[in-house]
Amino acid sequence: GLAATGSKGFERSSCEVCVWSLRNLERRRSAYQFDNTIEALKIVPRTSGLLQLVAVSCDTSIKCFSFPELQVLWDDSLATRAPYTSLAMGVGSNGGTALI
């Protein structure tokens, strides 16, 4: 199995998203894509066998990554001027995933 973590920091070089192997607690991948503390992240199943990781930050950005590769699929930093502090997911009426 795999797990993901996000770190606190005040510049891109210290705000890291990591993917870890639960078998041996070895770091598998990492990405520095945020300019401030990563407040929340969630691994989201999209289709059979396809996972994505969604993360929010105090830098007012929300980003979606491929998981476990951590390639940025999309990001948005214009949706709010206030820092994100949490993240929740829900299922829409059409069966799709919605960010809350």
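Everything in this summary refers to the structure shown in the same document.

How each quantity is defined
In this convention, every chain numbers its residues from 1, walking through the sequence in written order. In keeping with the model being predicted, local features are shown solely for residues with a pLDDT of at least 70 and side-chain atom pairs are shown and tallied solely at 80 or more, while totals for entire chains, interfaces and linings include all residues. Where side-chain values are given, they derive from all heavy atoms of the structure, hydrogens and water being excluded. Strands are runs of DSSP state E lasting at least two residues, helices are runs of H or I lasting at least four, and both sets are numbered from the N terminus onward. Categorising residues by exposure relies on relative accessible area from a 1.4 Å probe, with only protein chains included: less than 20% of the type maximum marks a residue as buried, more than 50% marks it as exposed, and the intermediate range marks it as partly exposed. In what follows, residue pairs with any heavy atoms lying within 4.5 Å of each other are defined as contacts. Note on pairing: two strands pair once DSSP finds at least 2 bridges between them. Structural elements are reduced to axes, namely lines fitted to C-alpha atoms, with helices fitted over the stretch in contact, and the angle between N-to-C directions of any two is expressed from 0 to 180 degrees. For the purposes of this section, nonpolar cores are sets of buried Ala, Val, Leu, Ile, Met, Phe, Trp, Tyr and Cys residues that join through side-chain atoms within 4.5 Å.

### With respect to the environment of aspartate 75
Next up, step 1: Among the secondary structure elements, aspartate 75 is positioned in strand β7 (residues 72-76).
Next up, step 2: When its relative accessible area of 46% is taken as the criterion, aspartate 75 is described as partly exposed.
Next up, step 3: Aspartate 75 sits 14 residues away from serine 61 along the chain, and the two C-alpha atoms are 6.9 Å apart.
Next up, step 4: Contact partners of aspartate 75, with chain neighbours within four places excluded, come to Ile62 and Lys63.

### With respect to the sheet that holds β7
Next up, step 1: Taken in spatial order, the four strands make up an open sheet running β4-β5-β6-β7, and their pairing is antiparallel. Whereas interior strands pair on both sides, the edge strands pair on one side only; in this sheet they are β4 (38-47) and β7. Neighbour-to-neighbour, the strand axes of the sheet open up by a mean angle of 20°, direction not taken into account.
Next up, step 2: Alignment of strand β5 (residues 50-57) against strand β6 (residues 62-67), held across six bridges, turns out to be antiparallel. Looking at the pairing, valine 56 lines up with isoleucine 62 of β6.

### A closer look at the nonpolar core
Next up, step 1: Judged by nonpolar contacts, Ala4, Cys15, Val17, Val19, Ala31, Phe34, Ile38, Leu53, Ala55, Phe65, Phe67 and Leu70 together constitute the single largest core of 12 residues.
Next up, step 2: Breaking this core down by element, the ones donating at least two residues are β2 (17-21), β5 and β6.
Next up, step 3: Not counting residues within four places of it along the chain, the set of residues in contact with phenylalanine 67 comprises Leu2, Ala4, Val19, Ile43, Leu51, Gln52 and Leu53.
Next up, step 4: In terms of nonpolar packing, the next biggest core, distinct from the first, is built from seven residues, Val54, Ile62, Cys64 and Leu87 among them.

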